[in-house]
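Below are the chains, spelled out letter by letter.
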Amino acid sequence: MDDHFLQLRVIYRDPPDLIELEVLVQYRGWTARSAVYASPRGFADDCNRLLEWARAPSNPILVEAGADTGIGSLKLGFYTIDRAGHVACSVTLATGQQSRDSRPAETWRMAIEIHTELGLVENFARACISLGKRLDGDALLIGMPC
């Protein structure tokens, strides 16, 4: 596996309404792992929008799963970073599996920007759509070292 990546993997499923995704981020010496819950249909729909964006990027696009309430949260923002069309993905991750009455400091958060390419975003979006439909597998976004 590459040194710079974002990986989503289905670790639990309760069809048809719920999947749990393990999130692993590794980029420029930083590593974080969490788990988030998502609606398979909603997640696949968001990733269909991401696939369309990757084919013709314009305004930034956001893909979200989970909730920042102690159960785990993932926010992926995709945007162009220069006139040449290079892209980045902002990853905001909050740890999960905390009780509903947890203290704010019990939830760890990480935010990082991963530089990538449109073709890699397109591959990632397709893999994410498959996760939402098959309720199994993983999706990998390869990052480019800066």
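In what follows, the accompanying structure is described. In this convention, every chain numbers its residues from 1, walking through the sequence in written order. Reporting of local features is limited, given that this is a predicted model, to residues whose pLDDT is at least 70; pairs of side-chain atoms are given and counted only at 80 or more, and all residues count toward the totals for whole chains, interfaces and linings. Hydrogens are left out, water is left out, and the side-chain values use all remaining heavy atoms of the structure.

### As for the nonpolar core
- In plain words, nonpolar cores are sets of buried Ala, Val, Leu, Ile, Met, Phe, Trp, Tyr and Cys residues tied together by side-chain atoms within 4.5 Å. Only protein chains enter the accessibility calculation, which uses a 1.4 Å probe; a residue whose area is less than 20% of its type maximum is buried, one above 50% is exposed, and one in between is partly exposed. Ranked by size, the top nonpolar core spans 39 residues in total, and within it Leu 6, Phe 78 and Phe 124 carry the most contacts.
- Contacts of Leu 6, omitting those with residues within four sequence positions, involve Val 23, Leu 24, Val 25, Leu 76, Val 91, Ile 114, Phe 124, Ala 139, Leu 140 and Leu 141. We call two residues contacting when some pair of their heavy atoms lies within 4.5 Å.

### Digging into the packing of helix α1 (residues 40-55) against helix α2 (residues 118-134)
- What counts as an axis is a line fitted to C-alpha atoms, over the stretch in contact for a helix, and the angles between N-to-C directions run from 0 to 180 degrees. Numbering of helices and strands runs from the N terminus, with a helix taken as a DSSP run of H or I at least four residues long and a strand as a DSSP run of E at least two residues long. Two elements in contact, α1 and α2, have axes whose closest approach is 8 Å; the angle formed by their N-to-C orientations is 160 degrees. The angle between the axes of α1 and α2 places the two elements in the roughly antiparallel class. Relative to α2, α1 is oriented so that their crossing is left-handed. Residue-level contacts link Pro 40, Phe 43, Ala 44, Cys 47, Asn 48, Leu 50, Leu 51, Trp 53, Ala 54 and Arg 55 of α1 to Leu 118, Val 121, Glu 122, Phe 124, Ala 125, Arg 126, Cys 128, Ile 129, Leu 131 and Gly 132 of α2.
- Polar here means any residue outside two lists: the nonpolar Ala, Val, Leu, Ile, Met, Phe, Trp, Tyr, Cys and Pro, and the charged Asp, Glu, Lys and Arg; Gly therefore counts as polar. The residue inventory of the contact of α1 with α2, partitioned by class, reads 15 nonpolar, 2 polar and 3 charged. Each angle is binned into one of four classes, with values under 35 degrees roughly parallel, values over 145 roughly antiparallel, values of 65 to 115 roughly perpendicular, and all other values oblique. For any helix crossing, the convention is left-handed if the near helix is rotated counterclockwise from the far helix by under a right angle, and right-handed if that rotation is clockwise.

### Some details on the sheet that holds strand β7 (residues 109-116)
- Following DSSP output, two strands are said to pair if at least two bridges run between them. Taken in spatial order, the 4 strands of this open sheet run β4-β5-β6-β7, and their pairing is antiparallel. Edge strands, defined here as strands with exactly one partner in the open sheet, are β4 (61-67) and β7. Each adjacent strand pair in this sheet contributes to an overall mean axis angle of 10 degrees, direction not counted.
- Of the strands in this sheet, β4, β5 (72-80) and β6 (87-94) are in contact with α1, which crosses β4 at around 160 degrees.
- Of the strands in this sheet, β5, β6 and β7 touch α2, which is tilted by about 145 degrees from β5.

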